[in-house]
Amino acid sequence: APTMTDANAAAARLPGESTDAYRDRIFAAITSGSLAATGPTRLDLSGLGISELPDEIGTLSSLEFLNLGKNPLSTLPSTFAGLTSLKILFFLGCEFTKVPEVLGEMKSLYMLSFKANKVEEVPAASIPYRTLGWLILSDNNIQSLPDTVGKCENMHKLLLAGNKLTNAGLPDNMAHMTKLELIRLADNNLAEVPAWIASHPSLAWVALAANPATEGWSEDANARAMLSGASFEGASKVDVPVVDWSELGVDEDEPPLGSGASGAVYAATDRNRSRTAVKVYNLGGKTSDGRPRDEMAASVLASRTGCRSIVRTTARFVKKGSVEDSRVEGLVMEYLDPGEWHSLGGPPSFDTVTRDVYPAGVSLDAAEVVAVARGLASAGAALHGAGAIHGDMYAHNVLFRSSKRGVPAAKLGDFGAAFFYPPGSEIGREFERTEARAWGIAATEALELWDGTGDRGPLDALKRLALECVGERGKRPSFAEIVARVGEPEGV
């Protein structure tokens, strides 16, 4: 009998096969029933110019993964609910203005993405609330969600950034999604922080930048970040001066070290012959979770505290742009040699959903486990001391130096989801409790990677602290308390 992999191979695009030829071949196999007969589990039909699906798509009852992204699709046939095994479904960059109601009939659907469509309407009947655990509706025109979203008791991950959602448009029963751990609500029309977010038992990763609710706090933080160290009130231990672009030594002909939604990072050599990393921000740009302006301000404010467990910002620059009156802004950051520092983990997978993935065979000795816990605690204390929440405290955003490369150490980077609150405020204390849970999860993952070598003593205490941080919300310690218990980082 043919195996599953044979079936998937038969359904895959052949080397050299044109878009049209592949689409015609697969559609013929779907309509004739020959594809269903082989029992495929995966099908990638992205970018094939599909504007309409054949009714027989519903006969593919063995399919578990279906990608229909980057197609001019705006409707689904009523037979679609016949995909009874389907768990993962992508419509990234299609033309939907309304989430089809037939999806509410899906029996097994766990992950659903309509990112970057033209969705304005999410009907109550379109949400398969018994099974859905990961919903992506980012970058649409959605003003309100139906209460069937709040009925998703299995929801772990909800991405809603870049819409027009109002407080009235978020149903009251969203608090009932008690397993929800990650929510992205940046760049919406929320006039206040929804009360349930500030009291949620399981949330660990939250992004709320670029909403009217957080706008005043952001303006305050940006004003604080723009002050020079001399005039800066409070705990500014390190100045982050403004320097001239010409002093940075960036070779603009060299390709960037990396680039993303918020900008590009270049290697540079300053006048003291020191290597630096220069990040040039795309200030009009939107990141998936926030915006470049807030990312810059969070980096500057955290660096000013003297914390060395973040990827530190040493200076800021403004350079005239190519267009009249335009300007480009950015940060000069410490250069971390990739031979010495590497990412601690990889982003979550379809299977792990909200948990990072670590390469096979990766393990940590006791000193390395402690270094991860200390580095993240110190970074959290610096950020929250400045009234900032990172929003994405994960191992995949940590650069790590192992015992083999020197004193083990961890530095938190990527402030792209960061947003602000008034330092010392009650809402700020709640956001800190949310992020303490993210710290507890990262510390637990580090403990799970322990290879059994080194001094076990500190690890038992660390395990107890991590349990407190993932436990009952009201009893979670502040980052200052976490640092007092795990100790200050060494070797940075």
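Since this is a predicted model, take the numbers as computed values, not measurements.

Q: Help me out: how do you make sense of the overall build of the chain in this one?
A: A count of helical and extended segments in the chain gives 11 helices and 19 strands. Over its C-alpha atoms the chain spans a radius of gyration of 24 Å, differing by no more than 12% from the 23 Å that the globule rule assigns to 492 residues. When the 492 residues of the chain are sorted by exposure, 53% land in the buried category. For the chain, the proportion of contacts with a sequence separation of at least 24, taken over those separated by at least 6, is 55%. When the accessible area of the chain is evaluated, it comes to approximately 20800 Å², of which 51% is carbon and sulfur surface.

Q: Would you explain the sheet that holds strand β17 (residues 398-401) in this entry?
A: Strand order in the open sheet formed by three strands is β15-β17-β18, with antiparallel pairing between adjacent strands. Of all the strands in the sheet, the pair left with one neighbour each is β15 (342-343) and β18 (409-412). Packed onto the sheet, helix α8 (residues 366-385) meets β17 and β18 and runs at close to 30° relative to β18.

Q: It is not clear to me how the nonpolar core should be interpreted in this structure. Could you clarify?
A: Taken as a class, soluble globular proteins show a tendency for nonpolar side chains to be buried jointly. Ranked by size, the top nonpolar core spans 69 residues in total, and within it L66, F80, F91, L103, L145 and L158 carry the most contacts. Among the secondary structure elements, those contributing two or more residues to this core are α2 (19-32) and α5 (195-198). Residue contributions to this core peak at five residues, all from α2. Residue contacts for F91: discarding those within four places in its chain leaves L68, G69, L73, L76, F80, F96, L103, L112, S113, F114, K115 and N117. Within the second largest apolar cluster, 68 residues are counted, among which are V240, L344, A377 and A388.

Q: What am I meant to see in the sheet that holds strand β14 (residues 327-334) here?
A: The strands that make up a sheet pair up through hydrogen bonds in the backbone, lying either parallel or antiparallel. Pairing is mixed across the open sheet formed by six strands, whose spatial order is β9-β13-β14-β12-β11-β10. With one partner strand each, in any of the chains shown, β9 (242-244) and β10 (258-260) form the two edges of the open sheet. Each adjacent strand pair in this sheet contributes to an overall mean axis angle of 30°, direction not counted. Looking at chain direction, strand β13 (residues 313-320) and β14 are connected through seven bridges and run antiparallel. Pairing of R316 across the sheet is with L331, part of β14.

How each quantity is defined
Residues numbered from 1 in each chain as written. Predicted model: local features only at pLDDT ≥ 70, side-chain atom pairs only at ≥ 80, totals over all residues. Heavy atoms only, no water. Helix = DSSP H or I, 4+ residues; strand = E, 2+ residues; numbered from the N terminus. Rg over C-alpha atoms; globule rule 2.2 N^0.38 Å. Buried < 20%, exposed > 50% of the residue type's maximum accessible area, 1.4 Å probe, protein only. Contact = heavy atoms within 4.5 Å. Areas by Shrake-Rupley, 256 points an atom, 1.4 Å probe, with all protein chains shown as cover. Pairing = 2+ DSSP bridges. Axes fitted to C-alpha atoms, helices over the stretch in contact; angles between N-to-C directions. Core = buried A, V, L, I, M, F, W, Y, C linked by side-chain atoms within 4.5 Å.

Interpretation in functional terms is not warranted from these geometric data alone.
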